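Okay, here's what each chain looks like letter by letter:
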Amino acid sequence: MTLPLFAVFGASGCGRGIMPLARSQLEREDIAAERLVFVDDQPGDGLVNGHPVLRYEEFLQIPASSRHIVVAIANSAVREQIATRCLVDGVQQWTVAASNVVVMDDVKVGDGAALSPFVTLTSNIRIGKCFHANLYSYVEHDCVIGDFVTFAPGVKCNGNVHIEDHAYIGAGAVIKQGKPGQPRVIGRGALVGMGAVVTRDVPPGTTVVGNPAKTFLKG
Ligand code: UDP
């Protein structure tokens, strides 16, 4: 009997943070740890933290009833490229969440998310594909988050905030809440620096830093 096969794509910093979450999620579902591997285009030699590191082509060759990958690479453009590769090969995007993630009412999270320990998603939230929410980040009520958005650790995303595709929010950044019908908008591909306090909209592609956050690089 062939069984499903699971992988964390990326065996570097981000991937090594997601792998233990993936392992314990499969344990909770009674799936053997042998069905979980790292995939990396530069696999190096041997094991990483006890798990084999396969090339993507090797992963595709292992007999499996279905294949599931969480792309654990912080760079959102790379994440999208790999997600597209997976789609072509019928590999499903797999969401991995720490056991203590808190999810409240009416929350929809797209496939391929990585939700680290102590993440909280409160109520009435929409999140796109391959979202990364690192340690202790939260998303408050009525937020809309696009595809391939990345939160570093400790991001405080308050209510009625819209974050567009490929935005990156640095560690400890705080985004001031918007209003119903008048959300605060962080534009596509914007970068919010570590510790920034965002009190205004951020245009697409723009980098903001500081408190209150100011434009550092125009989009
Ligand atoms: N990687 C890959 N395919 C790609 C791009 C990156 O397999 O197209 C792997 C790369 O070999 C490395 C990991 O992804 O092992 C990215 O590691 P990095 O430390 O740059 O980023 P992080 O783990 O912090 O996201």
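Before any of the text, the structure's been laid out above.
The present account deals with the structure reproduced in this document.

Thresholds applied
- Residues numbered from 1 in each chain as written.
- Predicted model: local features only at pLDDT ≥ 70, side-chain atom pairs only at ≥ 80, totals over all residues.
- Heavy atoms only, no water.
- Helix = DSSP H or I, 4+ residues; strand = E, 2+ residues; numbered from the N terminus.
- Contact = heavy atoms within 4.5 Å.
- Core = buried A, V, L, I, M, F, W, Y, C linked by side-chain atoms within 4.5 Å.
- Buried < 20%, exposed > 50% of the residue type's maximum accessible area, 1.4 Å probe, protein only.
- Salt bridge = Lys/Arg side-chain N within 4 Å of Asp/Glu carboxyl O.
- Expected span 1.5 Å × (residues − 1).
- Arc of directions from axis to C-beta.
- Polar contact = N/O pair within 3.5 Å; in protein donor to acceptor, adjacent residues only side chain to side chain.

A word on the environment of Gly 159
Argument step 1. Within the element layout of this structure, Gly 159 appears in the loop between β17 (156-157) and β18 (161-163).
Argument step 2. When sequence neighbours within four positions are dropped, the list of residues in contact with Gly 159 reads Glu 140, His 141, Cys 143, Gln 177 and Gly 178.

Topic: the nonpolar core
Argument step 1. Among the nonpolar cores identified, the biggest contains 50 residues, and Val 8, Phe 131, Phe 151, Ile 163, Ile 169, Ile 186 and Val 198 are the most heavily contacted of them.
Argument step 2. Contributing elements (two or more residues each) for this core: β1 (5-9), α1 (13-28), β2 (36-39), β7 (96-97), β10 (114-115), β12 (125-127) and β18.
Argument step 3. No other element matches the five residues that α1 contributes to this core.
Argument step 4. If we skip the residues at most four places from it in the chain, Ile 169 touches Thr 150, Phe 151, Ala 152, Val 155, Ile 163, Ile 175, Ile 186 and Val 192.
Argument step 5. Counting residues in hydrophobic clusters, the runner-up holds 14 residues, among them Leu 5, Ala 7, Ile 82 and Cys 86.

Let's talk about the pattern of salt bridges
Argument step 1. Evaluated as defined, the whole model comprises four salt bridges.
Argument step 2. Residue Arg 85 pairs with Asp 41 through a salt bridge whose shortest N-O separation is 2.7 Å. Of this pair, Arg 85 sits in helix α3 (residues 76-88) while Asp 41 sits in the loop between β2 and β3 (47-48), and the two are 44 residues apart along the sequence.
Argument step 3. Accessibility expressed as a relative area gives 29% for Arg 85, which makes it partly exposed.
Argument step 4. According to the relative accessible area criterion, Asp 41 is partly exposed, its value standing at 36%.
Argument step 5. Arg 126 is the salt-bridge partner of Asp 106, the closest N and O atoms lying 2.9 Å from each other. Of this pair, Asp 106 sits in the loop between β8 (102-103) and β9 (107-109) while Arg 126 sits in strand β12, and the two are 20 residues apart along the sequence.

A closer look at α3
Argument step 1. Between its first and last C-alpha, α3 extends 19 Å over 13 residues, near the 18 Å set by a 1.5 Å rise per residue.
Argument step 2. By the burial criterion, the buried members of α3 are Ser 76, Arg 79, Ile 82, Ala 83 and Cys 86. Taken down its axis, α3 places every buried residue within 120 degrees of arc, on the same side. Opposite the buried face of α3, by more than 90 degrees, sit the exposed residues Gln 81 and Val 88.
Argument step 3. At its buried positions, α3 is contacted by β1, α2 (56-61), β5 (67-71), β6 (92-93), β13 (132-133) and β16 (150-151).
Argument step 4. The opening residue of α3 is Asn 75, an N-cap whose side-chain oxygen sits 2.9 Å from the backbone nitrogen of Ala 77.
Argument step 5. Just downstream of α3 lies Gly 90, where phi reads positive at about 70 degrees.

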